[in-house]
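An overview of the molecular structure
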Amino acid sequence: MPTGAVKVRAGTIYFCSATIDSAGNANCAGGIPVSGLYDVTADYLGDTSYLPASSPVWPEFSVSQASTTTTLNPPLPSLAATAVTFTTTVDPLSPGAGTPYGSVTFTDGSVTTYCTDTAAPWECTYTFGTAGPYMVQANYSGDANFLGSLNTITHHVLSG
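Below is a short write-up of the structure. Note that the structure is a prediction, hence the values are computed from the model and not measured. (Residues numbered from 1 in each chain as written. Predicted model: local features only at pLDDT ≥ 70, side-chain atom pairs only at ≥ 80, totals over all residues. Heavy atoms only, no water.)

Take the sheet that holds strand β11 (residues 122-127) next. With respect to topology, three strands assemble into an open sheet ordered β6-β8-β11, the strand pairing being antiparallel. Two strands in the sheet have a free side with no partner beyond their single neighbour: β6 (68-73) and β11. Here the strands of the sheet are splayed against their neighbours by 20 degrees on average, with no regard to which way each runs. Relative to strand β8 (residues 83-92), β6 is paired through six bridges, and the arrangement is antiparallel. Among the inter-strand pairings, Thr70 is bridged to a residue of β8, identified as Val90. (Pairing = 2+ DSSP bridges. Helix = DSSP H or I, 4+ residues; strand = E, 2+ residues; numbered from the N terminus. Axes fitted to C-alpha atoms, helices over the stretch in contact; angles between N-to-C directions.)

Next comes the structure, spelled out in structure tokens:
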């Protein structure tokens, strides 16, 4: 029975490795870090009795963009004509991993754009002119590896 290790690669980049167990199996846990189409191959590294070998290529293995969740952190109620800062985090949903990039646009959900921030930590400072409840929506644009997502809150502006 072969012993040793197996490494799995996407094109020429190895993304996981595993040791062959007593039953002759190797379970590799890892992930391709960038979305796209890949030719995936498992390489047996060999041991003192067996030569190295490679599996047939699994062509065009597809890695999709990971889903995200956008969290708009609500500040305390603000006063009319006083600047208030909204912050947003964007996190990948499992099994996705990594760091999302891209922009977050802060709007009222329909017509008014409060501001757009192009890098984490995403923030928007805005001044509401009058008291009342305001819808604030943070819309993450997505990037090459992550899908966009949004979150909406109601922000309360008090009379000054």
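Moving on, we get to the nonpolar core. In globular proteins that are soluble, nonpolar side chains generally tend to be buried together. Among the nonpolar cores identified, the biggest contains 20 residues, and Leu72, Phe86, Val104, Phe106, Tyr114, Phe128 and Val136 are the most heavily contacted of them. When contributions to this core are tallied by element, the ones reaching two or more residues are β8, β9 (104-107), β10 (113-117), β11, β12 (132-140) and β13 (149-158). Of all the elements, β12 adds the most residues to this core, at four residues. Counting seven residues, the second-largest nonpolar core is a separate cluster that includes Ala10, Tyr38, Val40 and Val63. (Core = buried A, V, L, I, M, F, W, Y, C linked by side-chain atoms within 4.5 Å. Buried < 20%, exposed > 50% of the residue type's maximum accessible area, 1.4 Å probe, protein only.)

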